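Here are the chains, one letter per residue:
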Number of protein chains: 2
Amino acid sequence: MTLDALPPHQGGAEQLARLLAQALLAGHWQPGDVFPRELDIGKHFAVSRNQVRNALTSLTAAGLLERTAGRGTLVREVGDWHLLDPLMSEWMTGLVNLDPQLVRAIYAFRFSAEPVVAGLAAQAAQTEDIERLESAYAGMKSSAGSVEARAEHAEYDVAFHDATYRASHNLVWRQMGYLLRPSIMALIHRSQHRTDTLDDSLARHRQVLDAIRSHDASAAETAAREVLRRTAIDLGIVS
Amino acid sequence: MTLDALPPHQGGAEQLARLLAQALLAGHWQPGDVFPRELDIGKHFAVSRNQVRNALTSLTAAGLLERTAGRGTLVREVGDWHLLDPLMSEWMTGLVNLDPQLVRAIYAFRFSAEPVVAGLAAQAAQTEDIERLESAYAGMKSSAGSVEARAEHAEYDVAFHDATYRASHNLVWRQMGYLLRPSIMALIHRSQHRTDTLDDSLARHRQVLDAIRSHDASAAETAAREVLRRTAIDLGIVS
DNA sequence: CTTGTGGAAATGTCAGACATTTACTAGACT
DNA sequence: AGTCTAGTAAATGTCTGACATTTCCACAAG
């Protein structure tokens with residue numbers, strides 16, 4: 001694989017990093033492939049070697065690449081990617097054709113984890129957590145009608161789930177909020193968002209909110225599972 | 001806080017990063033404090049500005065620091081730390097006096113997550129997963145007797161739990177194996193490792209192994225909970 | 001067949017100058 | 001007095017060129 005298929009770029013090393021990362025995430029290179037050399041990348045995109053090195057440092061930290069002096073830069077296999085790195089979430093979020101294997105893996109994780117998190121949230125939620133959830137829910141509701149507000153709706157959707165993770169009041173679970181954004185964005189992108197499915201999704205979110213507000217852990221668990229079942233349908237994972 | 005209290009260092013930027021990170025993790029600086037300037041760090045440790053910048057890049061990527069041109073380097077608050085970053089695990093592993101709040105947070109996470117993971121592992125485990133678990137269990141057993149083999153025992157303990165996460169065959173859960181090392185190391189460091197508690201721990205691990213081997217998800221869940229109850233006692237979280 | 005030696009090619013490191021951003025200070029003007 | 005506006009200092013960010021180090025490979029000597 002060469003660099004020729006990649007679009008031009010404009011801006012600093014972060015833009016370059018995003019560009020290269022998304023090419024990797026889209027599978028333009030196979031695991032074990034040698035990645036282009038620093039100087040070639042710099043020449044192709046007309047940036048300094050510094051910028052290239054900064055970008056590659058990010059990709060290496062995210063587990064996408066493996067660099068060794070003398071040998072060059074190799075592409076690591078999917079199992080080694082740091083899916084929980086916030087940078088990864090950012091890169092995945094803007095990607096339209098995310099690898100279906102990844103989408104399914106993230107969904108499977110959420111399906112096993114989020115009920116537990118919702119249960120913890122029901123136990124640990126404070127007033128401010130409830131307020132965050134209510135505010136996000138209200139946003140989802142108000143942006144549910146129009147088609148052009150689907151980006152806004154997605155943001156509120158992300159905010160709702162992130163608020164759930166934060167409400168667990170656990171430092172580790174809280175970190176995983178990052179993972180939600182690409183998952184939900186993929187959801188929004190694939191689903192048609194017909195009015196009935198949106199209403200259904202909204203109702204299920206409300207169940208979660210109510211259960212957490214009344215500190216009912218087991219109700220929160222089952223309600224979270226129901227939300228994710230709806231998600232699975234919209235993602236095309238089950239029918 | 002100044003740099004004077006830190007031990008000297010020897011080696012590349014990674015060593016320096018570890019040193020500074022461990023100082024941060026130990027709470028030598030408060031959130032919001034200004035971190036020493038690049039040139040001062042370089043002067044103090046007699047390294048080039050490049051090394052310092054490389055080290056600080058790692059700390060920034062891990063969410064420990066926030067850097068802005070003109071203002072300087074600030075220490076971020078605990079909630080922003082990327083606890084799931086593998087580098088963080090590496091830094092925490094070698095730290096003797098880990099913040100008890102962190103130890104408890106990681107333990108609470110494991111207590112809520114690991115039963116689920118064990119359940120998934122029971123459903124998804126292949127032959128090679130079982131073999132990994134058995135090999136780790138055998139290592140734990142063989143190194144259980146002697147006191148001087150406690151480091152070796154810890155490695156097998158880590159390997160056992162890591163194998164459990166891997167056996168879930170989920171790309172996201174698999175990433176979390178990193179988090180186990182500092183947790184288990186803290187455990188080893190604090191517990192006296194008397195023979196009876198070791199035997200008890202071993203027996204509970206065996207329950208998990210058996211449940212996964214026989215693909216009994218709910219048995220694996222309860223067995224994992226039992227392992228973690230033993231862990232909680234040894235960590236001094238409950239009595 | 002093995003071993004060693006040299007060179008090519010890649011990433012890693014260094015040093016210095018310069019750019020950019022930020023915060024603060026002093027002064028002019030109203 | 002108060003407020004806006006240069007101007008300056010100080011920090012991180014960037015560029016450039018040279019050099020160091022590691023790795024691989026080819027080729028020749030034993």
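Note that the coordinates shown come from a computational prediction; the quantities given were computed from them, not determined experimentally.

What follows is about the sheet that holds strand β1 (residues 34-35) of chain B. Residues and elements named next belong to chain B. An order of β1-β3-β2 is seen for the three strands of this open sheet, with the pairing classed as antiparallel. With one partner strand each, in any of the chains shown, β1 and β2 (65-68) form the two edges of the open sheet. Where β1 lies against strand β3 (residues 72-75), two bridges are found, and the strand directions are antiparallel. Looking at β3, one finds that Phe 35 is bridged to Thr 73. The strands that helix α3 (residues 49-61) touches are β1 and β2; relative to β2, the one it contacts most, it runs at about 120°.

This part takes up the protein's contact with DNA strand D. Taken together, 18 residues lie around DNA strand D, and Ser 48, Asn 50 and Gly 70 of chain A together with Arg 37 and Arg 49 of chain B are the ones closest in. Sugar and phosphate atoms represent 66% of those atoms of DNA strand D found within 4 Å of the protein. Side-chain polar atom of Gln 51 of chain A to a phosphate oxygen of DNA strand D: 3.1 Å apart, as the coordinates give it. One of the side-chain nitrogen or oxygen atoms of Arg 53 of chain B is found 3.1 Å away from a phosphate oxygen of DNA strand D. Where the surface near DNA strand D is concerned, the elements lending two or more residues are α3 (49-61) of chain A together with α3, β2 and β3 of chain B. Among the elements that make up the surface near DNA strand D, the one with the highest residue count is α3 of chain A (four residues). Split by residue class, the surface near DNA strand D holds two nonpolar, nine polar and seven charged.

Another aspect to go through is the domain arrangement of chain A. Residue and element names in this part refer to chain A. Assigned domains of chain A: these are domain 1 (13-80) and domain 2 (86-235). Of note, the centres of domain 1 and domain 2, computed from C-alpha atoms alone, are 32 Å apart. Of the roughly 870 Å² buried between domain 1 and domain 2, counting both surfaces, carbon and sulfur atoms make up 73%. Considering only the side of domain 1, the residues that lose the most area to domain 2 are Arg 18, Gln 22 and Leu 25, jointly responsible for 57% of the buried surface there. Between Arg 18 and Glu 90 there is a salt bridge whose closest N-O contact spans 3.0 Å. Summed over the shared surface of domain 1 and domain 2, the number is two residue pairs in polar contact (both at pLDDT 80 or more). Looking at the side of domain 1 that touches domain 2, the elements that each hand over two or more residues are α1 (13-25) and α3. Counting residues per element, the side of domain 1 that touches domain 2 draws most heavily on α1, at five residues.

Let us now look at the side chain of Asp 85 of chain A. Structurally, the position occupied by Asp 85 of chain A is in the loop between β3 (72-75) and α4 (86-93). For the buried Asp 85 of chain A, no salt bridge is present, and the opposite-charge side chain at shortest range is Arg 76 of chain B, 10 Å distant. Here the side chain of Asp 85 of chain A touches Leu 87 of chain A through a polar contact of 2.8 Å, landing on its backbone nitrogen. Apart from residues no more than four positions distant in its own chain, Asp 85 of chain A is found in contact with Ala 61 and Ala 62 of chain A.

The subject of this paragraph is the pattern of salt bridges. All names here are of chain B. This structure, assessed with the given rule, holds 34 salt bridges over all chains. Residues Glu 38 and Arg 53 are paired through a salt bridge, measuring 2.7 Å at the closest nitrogen-oxygen approach. Here Glu 38 is found in helix α2 (residues 38-45), whereas its partner Arg 53 is found in helix α3, with 15 residues between them in sequence. Take Glu 38: its relative accessible area is 12%, and that puts it in the buried class. Overall, Arg 53 belongs to the partly exposed group, its relative accessible area being 38%. A salt bridge links Asp 210 to Arg 206; the shortest N-O distance between them is 3.5 Å. In this pair, Asp 210 and Arg 206 are both assigned in helix α10 (residues 195-213), four residues apart and thus about one turn of the helix distant.

Screw-axis analysis of chain A against chain B gives a translation of 0.0 Å along the axis, an RMSD of 0.1 Å, and a rotation angle of 180°. The superposition operator between the copies reduces to a two-fold rotation axis. Most of the interface of chain A is mirrored in chain B: 100% of its interface residues are interface residues there too.

Across the contact, 28 residues belong to chain A and 28 residues belong to chain B. Contact between chain A and chain B buries roughly 2200 Å² in total, counting both sides, with carbon and sulfur atoms accounting for 71%. Counting across the interface, chain A meets chain B through zero salt bridges. Taken together, the connections running from chain A to chain B amount to eight residue pairs in polar contact (both at pLDDT 80 or more). Elements represented by at least two residues in the side of chain A that touches chain B include exactly α5 (100-124) and α8 (171-175) of chain A. Looking at the side of chain A that touches chain B element by element, the count peaks at ten residues for α5 of chain A.

Criteria and cut-off values
- Residues numbered from 1 in each chain as written.
- Chains lettered and ligands numbered in written order.
- Predicted model: local features only at pLDDT ≥ 70, side-chain atom pairs only at ≥ 80, totals over all residues.
- Heavy atoms only, no water.
- Pairing = 2+ DSSP bridges.
- Helix = DSSP H or I, 4+ residues; strand = E, 2+ residues; numbered from the N terminus.
- Contact = heavy atoms within 4.5 Å.
- Axes fitted to C-alpha atoms, helices over the stretch in contact; angles between N-to-C directions.
- Near = heavy atom within 4 Å.
- Polar contact = N/O pair within 3.5 Å; in protein donor to acceptor, adjacent residues only side chain to side chain.
- Nonpolar A, V, L, I, M, F, W, Y, C, P; charged D, E, K, R; others polar.
- Domains from an automatic or database assignment.
- Buried area = accessible area lost by both parts, 1.4 Å probe.
- Salt bridge = Lys/Arg side-chain N within 4 Å of Asp/Glu carboxyl O.
- Buried < 20%, exposed > 50% of the residue type's maximum accessible area, 1.4 Å probe, protein only.
- Lys, Arg positive; Asp, Glu negative; His and termini not counted.
- Least-squares fit on C-alpha atoms with pLDDT ≥ 70 in both.

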